[in-house]
Amino acid sequence: MLMRQKFNLHELLYLVVIGIVVAVGFGAYSFIDSTMNDREYSQLIMRAQSMARLLDAETVSQFQGNESDIGTAPYESLKLKMRALKEANTDLRFVYLMRMQADDEIIFLVDSEDPSSDDYSPPGQIYDEASEELLDGFGTGVPHVLEVYSDRWGEWISALAPITDASGTVVALAGIDKDARDHRALFVLITGSILVASGALILLTGLLFHLERKEHELMEIKSDFVAAAAHELRSPLTGIRWALSSLRRDVSLPQEFRPIVNNMYERVR
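Just so you know, these numbers come straight off a predicted model, no measurement behind them.

Caption draft 1: Spatial organisation of unusual backbone geometry. Located in the positive-phi region is aspartate 104, a residue other than glycine, with phi close to 65 degrees. Along the chain, the position of aspartate 104 falls in the loop between strand E1 (92-100) and strand E2 (106-111). For aspartate 104, a relative accessible area of 52% corresponds to the exposed category.

Caption draft 2: Broad picture of the nonpolar core. Core analysis: the largest hydrophobic core is formed by 29 residues, its most contacted members being Val60, Phe63, Leu97, Leu109, Ile163 and Ile176. Those elements that place two or more of their residues in this core are helix H1 (2-53), helix H2 (57-61), helix H3 (73-88), E1, E2, strand E4 (154-164) and strand E5 (170-179). Tallying contributions element by element places H1 first for this core, with five residues. For isoleucine 163, the residues in contact, after removing those within four places along its chain, are Ala52, Leu55, Asp56, Ala57, Val60, Leu97, Thr169, Val170, Val171, Ala172 and Ala174.

Caption draft 3: Representation of the pairing of E2 in the model. Among the six residues that make up E2, six are buried, leaving the element largely enclosed by the rest of the structure. Relative to E2, E1 is paired through five bridges, and the arrangement is antiparallel. When the bridges of E2 are listed, arginine 99 appears paired with isoleucine 107. Taking the residues between adjacent antiparallel strands as the criterion, E1 and E2 are bridged by five residues, where aspartate 104 takes a positive phi near 65 degrees.

Caption draft 4: Representation of the packing of aromatic side chains. Throughout the structure, instances matching the rule amount to six aromatic pairs. Aromatic side chains phenylalanine 94 and tryptophan 156 sit 5.2 Å apart centroid to centroid with 70 degrees between the ring planes, which places their arrangement in the edge-to-face category. Here the residue phenylalanine 94 occupies a position in strand E1, and tryptophan 156 occupies one in strand E4, the gap between them amounting to 62 residues. When sorted by exposure, phenylalanine 94 lands in the same class as tryptophan 156, which is buried. Between the aromatic rings of tyrosine 127 and tryptophan 153, the centroid separation amounts to 6.2 Å while the plane-to-plane angle is 20 degrees, which identifies the pairing as stacked. Placement of the pair is tyrosine 127 in the loop between E2 and helix H4 (132-140) and tryptophan 153 in the loop between strand E3 (144-151) and E4, with a sequence separation of 26 residues. You can call tryptophan 153 partly exposed: its relative accessible area is 21%. Through pairs of rings, three or more aromatic residues link up here, namely Phe94, Tyr96, Phe108, Tyr127, Trp153 and Trp156. A cation over an aromatic ring shows up here: arginine 93 above the ring of phenylalanine 94, its NZ or CZ 4.3 Å from the ring centre.

Caption draft 5: Structural detail: the pattern of salt bridges. This model, assessed by the stated rule, comprises 13 salt bridges. As a salt-bridge pair, glutamate 40 and lysine 178 come within 2.4 Å of each other at their nearest N and O atoms. Linking glutamate 40 in helix H1 with lysine 178 in strand E5, this pair joins segments that are 138 residues apart in sequence. One network of salt bridges, in which partners are shared, links Glu40, Arg47, Asp91 and Lys178.

Caption draft 6: Representation of a nonpolar patch on the surface. On the surface, Leu201, Leu204, Leu207, Leu208 and Leu211 cluster together into a nonpolar patch covering about 470 Å² of accessible area. Structurally, the position occupied by leucine 207 is in helix H5 (residues 180-249). A residue is classified by how much of its surface remains accessible, and leucine 207, at 45% relative accessible area, is partly exposed.

Caption draft 7: Structural detail: helix H6 (residues 258-268). Every buried residue of H6 is listed here: Arg258, Val261 and Tyr265. When H6 is viewed along its axis, its buried side chains cluster within an angular range of 65 degrees and face the same direction. Opposite the packed face of H6, turned more than 90 degrees from it, sit the exposed residues Pro259 and Arg267.

Caption draft 8: The sheet that holds E5, seen in detail. Sheet architecture is open: five strands sit in the order E2-E1-E5-E4-E3, paired in antiparallel fashion. Each of the sheet's edge strands pairs with one partner strand only, and the pair in question is E2 and E3. Ignoring strand direction, the axes of neighbouring strands in this sheet form an average angle of 35 degrees. H3 rests against E1, E2 and E5 of the sheet, and its axis sits at about 145 degrees to E1.

Caption draft 9: Local environment of the side chain of glutamate 113. Locating glutamate 113 in the fold gives a position in the loop between E2 and H4. When sequence neighbours within four positions are dropped, the list of residues in contact with glutamate 113 reads Lys79, Arg83, Lys86, Arg93, Phe94, Asp119 and Tyr120.

Calculation criteria
Residues numbered from 1 in each chain as written. Predicted model: local features only at pLDDT ≥ 70, side-chain atom pairs only at ≥ 80, totals over all residues. Heavy atoms only, no water. Helix = DSSP H or I, 4+ residues; strand = E, 2+ residues; numbered from the N terminus. Buried < 20%, exposed > 50% of the residue type's maximum accessible area, 1.4 Å probe, protein only. Core = buried A, V, L, I, M, F, W, Y, C linked by side-chain atoms within 4.5 Å. Contact = heavy atoms within 4.5 Å. Pairing = 2+ DSSP bridges. Phe/Tyr/Trp six-rings, centres within 6.5 Å; stacked < 30°, edge-to-face > 60°. Lys NZ or Arg CZ within 6 Å of the ring centre and 35° of its normal. Salt bridge = Lys/Arg side-chain N within 4 Å of Asp/Glu carboxyl O. Patch = residues over 30% accessible without salt bridge, like charges linked within 9 Å, V, L, I, M, F, W, Y side chains within 5 Å. Areas by Shrake-Rupley, 256 points an atom, 1.4 Å probe, with all protein chains shown as cover. Arc of directions from axis to C-beta. Axes fitted to C-alpha atoms, helices over the stretch in contact; angles between N-to-C directions.

Honestly, that's just the spatial picture; any functional story needs more than this.
Printed below as a string of structure tokens:
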């Protein structure tokens, strides 16, 4: 009963340890998920704001929002700045400037792509995949991040920073896109490491529990063997002792045999 109670305590301890490992692993996963996203989004917003500070509402207002802007000094200057920003930040895929038209259509004013690229968006190209969150950015005037979303060009994490005039009206949004696959790959790498470490701890704990259980089983086998051996030896030895005891009391036993019988009796006893 005592051994079984001790075994149950070990089972309970094993379950408690597994629970702690799982809880710690989940907590680490949640912490990294939150921290990693917050840091990533903060950095993207800071870079989008840096680009927005290079522009002023008066310059942006000069854009016609069509291909007639190509070749003008404001357009070409901004194009060069966007290319330089993209080259300096190799993790960025697109850098661009957007405007909302009177009919709530979103159009590109400038982007960082070479005109020969299939991903180039000429001035005035309509972005008809704009989400509600993107549209709200023109109304709130607050820098924000569009979390993982898809459009015709791929899957992205985007940061948008407003460019406002003297009255506080948003005249355009400066945007940068980062490939969401890079973000996801890093997240999988980190969380995968946590899962592997947690799994290793669980396996190690299970191995230790298994070894502990085997040790208890061996102790029980040993105890049973000793008890059985003691019982099996005690019965014949008791009979021999009685026989030797009777022999010791036999007056007819020659004197030269008595030391031998006494020695045998003491050893059996």
